[in-house]
2 protein chains.
Amino acid sequence: MAKPVPTVEQVDTGFLESLLGYNARRASLAVIEVFLERMAPYGLKPVDFSVLSLVAHNPGITSRQLCAALGILPPNLVGMVNQFEKRELIERQPHPHDGRAMGLHLTSAGQKLIRDAERTAAQLEAEVAGRLTPAEQRTLLRLLRKVYLK
Amino acid sequence: MAKPVPTVEQVDTGFLESLLGYNARRASLAVIEVFLERMAPYGLKPVDFSVLSLVAHNPGITSRQLCAALGILPPNLVGMVNQFEKRELIERQPHPHDGRAMGLHLTSAGQKLIRDAERTAAQLEAEVAGRLTPAEQRTLLRLLRKVYLK
DNA sequence: TATTGTTATACTCTATAACTATA
DNA sequence: TATAGTTATAGAGTATAACAATA
């Protein structure tokens, strides 16, 4: 008697769900999906938001510092900054102490945009993380940082 | 007197670090980086591992079921399965009840490979999550799932 | 008419090499 | 000699449209 060919009704993802990497990736994709929708009105993708936010909180930051902080490669930042300059959100100014570098600064339009966008991000945060109690939210952020900070 | 142009010594990433999406992404990238190194000897990238692992635990699973479980699009799975067939790790068998579908099964070589790879993954898990106490590990996984499961 | 698997293709993201100007 | 910024380009990863076979 031949062995019957098995079929699958309910997919068992048990092993994958036991892995930190799998769960962290799924969670980040879920959050980023909502983020993408909410940031579309501002014309910002997640990385764009990160860049503008860092320039807002660090006026005069250089491309190199941005790349280091966000894990972006320099060639891939150039296009972003160019777009921001075309949209008149960012200005490149000569660095006061280093003739090779350019300091990045927000225009007043850029400041207004990122102020609104950060408010939206904070709101989204409250919703998405709203399935967790405030204590759980703090715990989650703390544990995540513990994982990725060396 | 002109306003001096500011420069940045220490980059302030405070706002970004308050966002769940940012932290989840950083954590998942950190884990995946180590995962990539450890899986290289098996010739598996993270998605490859997920696919093989699901086929191992769900013999006869169809492409469509795999795509749904992993959030992959069907056209992007085809190439992967083809590679696995060429490496003689996976076999496509006609589905017993649905002439359109193909059931996926591991060869004995595929079974051995994924058994070793899963052992390596569990080991890696113990190391990476080793910065956390066992209780913290359980908490982290539980909270992450709470975020991405609707 | 809808679904599975597939092909072809396009778009985005990320990565590498090399150039320039300044240090 | 090394670094900041840039250009050009290559490679992954991810997305959409359309088709044949089957339900």
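A brief structural summary. (Residues numbered from 1 in each chain as written. Chains lettered and ligands numbered in written order. Predicted model: local features only at pLDDT ≥ 70, side-chain atom pairs only at ≥ 80, totals over all residues. Heavy atoms only, no water.)

## A few points about the pattern of salt bridges
Residues and elements named next belong to chain B. Basically, it comes down to this: By convention in these notes, a salt bridge is any Lys or Arg side-chain nitrogen within 4 Å of a carboxyl oxygen on Asp or Glu. Put simply, DSSP marks the helices as runs of H or I at least four residues long and the strands as runs of E at least two long, and each gets a number from the N terminus on. The buried label applies to any residue whose accessible area, calculated with a 1.4 Å probe on protein chains only, is under 20% of its type's maximum; exposed applies above 50%, and partly exposed to all values in between.
Counted under the stated rule, the structure contains twelve salt bridges over all chains. Two residues, Arg38 and Glu127, come together in a salt bridge whose shortest N-O distance is 2.7 Å. In this pair, Arg38 sits in helix H2 (residues 20-39) while Glu127 sits in helix H6 (residues 108-128), placing the two residues 89 residues apart along the sequence. By relative accessible area, which is 28% here, Arg38 ends up partly exposed.

## Notes on the interface of chain B and chain A
Definition in use: Whether two residues are in contact is decided by their heavy atoms: any pair within 4.5 Å suffices. By definition, the buried area sums, over both parts, the 1.4 Å-probe accessible area that each loses when the two are put together. Here a polar contact means two N or O atoms within 3.5 Å. Within protein one must be a hydrogen donor candidate and the other an acceptor candidate, and residues neighboring in sequence count only if both atoms are side-chain atoms. Any residue that is not Ala, Val, Leu, Ile, Met, Phe, Trp, Tyr, Cys, Pro, Asp, Glu, Lys or Arg is counted as polar, Gly included; the first ten are nonpolar and the last four charged.
Across the boundary between the two partners, chain B contributes 61 residues, which contact 62 residues of chain A. In this assembly, chain B packs against chain A so that about 5,800 Å² is buried in total across both faces, 68% of it on carbon and sulfur atoms. Among the residues of chain B in contact with chain A, Phe15, Leu20 and Tyr148 of chain B are the three that bury the most area, contributing 11% of the side total. Residue Glu136 of chain A pairs with Arg142 of chain B through a salt bridge whose shortest N-O separation is 3.4 Å. The tally of links from chain B across to chain A stands at 18 residue pairs in polar contact (both at pLDDT 80 or more). Sort the elements by how many residues they give to the side of chain B that touches chain A and H2 of chain B lands first, with twelve residues. For the side of chain B that touches chain A, a count of residues per class yields 31 nonpolar, 18 polar and twelve charged.

## Here's the deal with helix H7 (residues 134-148) of chain B
What sets the pattern is the α-helix's 3.6 residues per turn: residues three or four places apart point alike. Residue and element names in this part refer to chain B. Quick reminder of the rule: To estimate the expected span of a helix, subtract one from its residue number and multiply by 1.5 Å. Directions drawn from the helix axis to the C-beta atoms are what define this arc.
Compared with the 21 Å implied by 1.5 Å per residue over 15 residues, the 22 Å span of H7 between its first and last C-alpha is a close match. For H7, the set of buried residues is Glu136, Leu140, Leu141, Leu143, Leu144, Val147 and Tyr148. End-on view of H7: buried residues confined to an arc of 170°, all on one side of the axis. Of the exposed residues in H7, those oriented more than 90 degrees away from the buried face are Pro134 and Arg138.

## Thoughts on the protein's contact with DNA strand D
Formally: Any residue with a heavy atom lying within 4 Å of a molecule or strand is counted as near it.
Taken together, 18 residues surround DNA strand D, and among them Arg64, Arg92 and Arg100 of chain A together with Asn76 and Gly99 of chain B come closest. Sugar plus phosphate: this is where 61% of the atoms of DNA strand D within 4 Å of the protein reside. Between Asn76 of chain B and DNA strand D, the recorded distance is 2.7 Å, taken from a side-chain N or O atom to a base nitrogen. Residue assignment for the surface near DNA strand D shows that the elements contributing at least two residues are helix H4 (63-70) and helix H5 (74-86) of chain A together with helix H5 (74-86) of chain B. The dominant element in the surface near DNA strand D, judged by the number of residues it contributes, is H5 of chain A, at three residues. Residues that form the surface near DNA strand D fall into these classes: seven nonpolar, four polar and seven charged.

## A short note on the relation of the copies chain B and chain A
Which entries qualify depends on this criterion: Alignment of copies: least-squares fit on C-alpha atoms of residues with pLDDT of at least 70 in both copies.
The transformation that overlays chain B on chain A combines an axial shift of 0.0 Å with a rotation of 180°, and the residual RMSD is 0.0 Å. Each copy turns onto its partner about a two-fold axis. A symmetric contact is evident, with 100% of the interface residues of chain B recurring at the interface of chain A.

## Section: the sheet that holds strand E3 (residues 102-106) of chain A
Residues and elements named next belong to chain A. Short version of the rule: In this scheme, strands are said to pair when DSSP sees at least two bridges between them. Interaxial angle, 0 to 180 degrees, is taken between N-to-C directions of lines fitted to C-alpha atoms, where a helix line uses only the stretch in contact.
Spatially, the three strands line up as an open sheet ordered E1-E3-E2, and their pairing is antiparallel. Two strands in the sheet have a free side with no partner beyond their single neighbour: strand E1 (61-62) and strand E2 (90-94). Where E2 meets E3, five bridges bridge the pair, whose relative direction is antiparallel. Each residue of the ladder has a partner; that of Gln93, found in E3, is Gly103. Against the sheet, H5 touches E2 and E3, its axis set at about 110° to E2.

## Concerning unusual backbone geometry
The backbone of Glu88 of chain A sits at a positive phi, close to 60°, despite the residue not being glycine. If you trace the backbone, Glu88 of chain A turns up in the loop between H5 and E2.

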